[in-house]
Amino acid sequence: MMQDHPFAALLSGINPITHRGVLQAVLPGRLESMGPKAVIGDLCKIIPAGGEEEKLAEVVALTHDKTVLMPLDSCESLSVGDRVIRTDTHRMTVVGEGLKGRILSALGKPIDGRPEATADFLWPLAGKPLNPMERDVAASPLSTGVRAIDGCFPLAKGQRIGIFAASGVGKTTLVEQIMQNVEADNLVLCLVGERGREVAVLWSALQAAGIADKATLFVATSDESAAVRARVVNAALAQAEYLRWKNKDVVLFVDSSTRYAMALREMGLSAGEPPTVRAYTPNVFAQLPRMVERCGASASGGSITAFFTVLAETDDVDDPIVEVMKSLLDGHIILSREIAASGRYPAIDVLNSVSRLADKVICDRQQKALLKLRASMFRLREAQLLIESGLHKPGNNKSLDRSIARRSDIETFLAQPTSGAATPTDTLNALEKLVEQL
């Protein structure tokens, strides 16, 4: 059989055709052009006629006579008539072991002041989701080092968990605490629409904890375009998928899913999609499940354990993104403003938090102790009004009397300084000691 000449292989990777278009309208956050030939998700370069630096824009909608794009950069220097050229690297992003210890933009470019990151190869931005039959169903426990989580609703490797709360209740602090203590050799962190100051604070915390070398941080700050803020999540997921493909156990943090949904909503509105509940467009409810399903454990080895923070618009955590994420995830951690106001951190509402894989990783000893603890906490919650009003009379309900007597011990067990880590053995021993007199 004849083999192709080596030159033929080189030529096959060259596209001699350049797809071009002409800018026809420049609107705030939206561009329209005639051409180029493209599909949704393509990246295009826009060459200003005045010789200014070229800009990048993402194709978000197509009609028979125009292409709608969302700029990734400021569009102040753009004008009608500028050239629009489709790029060939739109659907790929850099991944690899060389990205560990680095801070990257949504386009995979280093923003930590160091040289270009060493990538193994390019990975599809849209990802390579696992076939449902390729997922690992034999759960193994994951230690977060946070006593309230490991003791009251244990997690498993490959689990997808949401951290739900209104603003100012301690989501970021809890995420940092889990990052520093979780059992993982690979961390992938994604900050979506975050304040620039928080990026430096987080990276400094990782360096101080000695874990920056095993972490990759992807960043899109709040002043960047919606297309960049949406793209950064896919870039982080691509790195996590690659490491899982290499049979690594990865812990992924996305902060926050709500700001990702807001970026998608902005893109959807620019593309002309109809607004639905709270003005969220249909693309939001299509992309959130894809984000979640790209995580999980593979039967052939490797896992992505994902923590998604969800910013509730109210303390009742009843907005549409909260409800959608709760239905998609394998568990949720609810943070309470009342608990935070009482001074107990992390402000986890244990009775309303759930791990759907807890029964697969919990031992009999912990199960028995946990049932007693939750029953005691429920009695205290139900009788709170009676206790505070002075209407409860000791002796009428001995179970409640025991719970009241140990209430401060329960709070001490659930509280934990951010700098401390609890081992699974210490957590179980403390839990059993706590419930001995309940």
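Structural data are supplied above this passage.
Please read these numbers as outputs of a predicted model, since none were measured by experiment. (Residues numbered from 1 in each chain as written. Predicted model: local features only at pLDDT ≥ 70, side-chain atom pairs only at ≥ 80, totals over all residues. Heavy atoms only, no water.)

Q: When you look at unusual backbone geometry in this model, what are you seeing that I'm missing?
A: Of the consecutive residues aspartate 255 and serine 256, the connecting peptide bond is found in the cis state with omega at 5°. Within the fold, serine 256 resides in the loop between β15 (249-255) and α6 (257-270). Of note in the backbone geometry, arginine 278 takes a positive phi value of approximately 50° without being a glycine. As for its position among the elements, arginine 278 is in the loop between α6 and α7 (282-293). In the Ramachandran plot, alanine 279 falls in the positive-phi region, its phi being about 70° despite a non-glycine side chain. By the element assignment, alanine 279 lies in the loop between α6 and α7. (Helix = DSSP H or I, 4+ residues; strand = E, 2+ residues; numbered from the N terminus.)

Q: How should the pairing of β15 be read in this particular structure?
A: Counting buried positions along β15 gives six out of seven residues, so the element sits mostly inside the fold. Of the strand pairs in this sheet, strand β13 (residues 186-194) and β15 are connected by six bridges, and their pairing is parallel. Its bridge partner lying in β15, asparagine 186 is registered against valine 250. Where β15 and strand β17 (residues 303-311) come together, six bridges link them in parallel fashion. Bridge pairing in β17 links leucine 252 to alanine 306. (Buried < 20%, exposed > 50% of the residue type's maximum accessible area, 1.4 Å probe, protein only. Pairing = 2+ DSSP bridges.)

Q: What's the story with the sheet that holds strand β6 (residues 83-86) in this structure? I'm lost.
A: Hydrogen bonds between backbone atoms are what pair the strands of a sheet, whose relative direction is either parallel or antiparallel. Pairing within the closed barrel is antiparallel, and its six strands lie in the order β1-β2-β5-β4-β3-β6. Strand after strand, the sheet turns through a mean of 45° between neighbouring axes, direction not considered. Across four bridges, strand β3 (residues 43-47) lies against β6 in antiparallel orientation. Across the sheet, residue cysteine 44 finds its bridge partner in β6, namely arginine 86. (Axes fitted to C-alpha atoms, helices over the stretch in contact; angles between N-to-C directions.)

Q: Looking at this structure, I do not really get the packing of α7 against helix α8 (residues 320-328). What am I missing?
A: Each pair of packed helices can be described by the angle between their axes along with the distance between the axes. At a minimum axis separation of 10 Å, α7 and α8 run at an interaxial angle of 35°. The two elements α7 and α8 cross, and the hand of that crossing is right-handed. Along its contact with α7, which presents Val284, Phe285, Leu288, Pro289, Met291 and Val292, the element α8 presents Ile321, Val324, Met325 and Leu328. Class assignment of the residues belonging to the contact of α7 with α8 gives a composition of ten nonpolar, no polar and no charged. (Left-handed = near helix turned anticlockwise from the far one by under 90°. Contact = heavy atoms within 4.5 Å. Nonpolar A, V, L, I, M, F, W, Y, C, P; charged D, E, K, R; others polar.)

Q: Explanation requested: the pattern of salt bridges in the structure shown.
A: As a working rule, side chains carrying opposite charge can pair if their charged atoms are close by. If you walk through the whole model with that rule in mind, you get 21 salt bridges. A salt bridge links arginine 91 to aspartate 42, with the shortest nitrogen-to-oxygen separation between them at 3.8 Å. Here arginine 91 is found in the loop between β6 and β7 (92-95), whereas its partner aspartate 42 is found in the loop between β2 (30-34) and β3, with 49 residues between them in sequence. Assessed through its relative accessible area of 39%, arginine 91 is described here as partly exposed. Notably, a salt bridge pairs arginine 294 with glutamate 241, separated by 2.9 Å at the nearest N-O pair. Residue arginine 294 is found in the loop between α7 and β16 (296-297), and its partner glutamate 241 is found in helix α5 (residues 226-245); the two are separated by 53 residues along the sequence. Several salt bridges share partner residues, and in doing so they unite Arg135, Arg160, Glu293 and Asp330 into one network. (Salt bridge = Lys/Arg side-chain N within 4 Å of Asp/Glu carboxyl O.)

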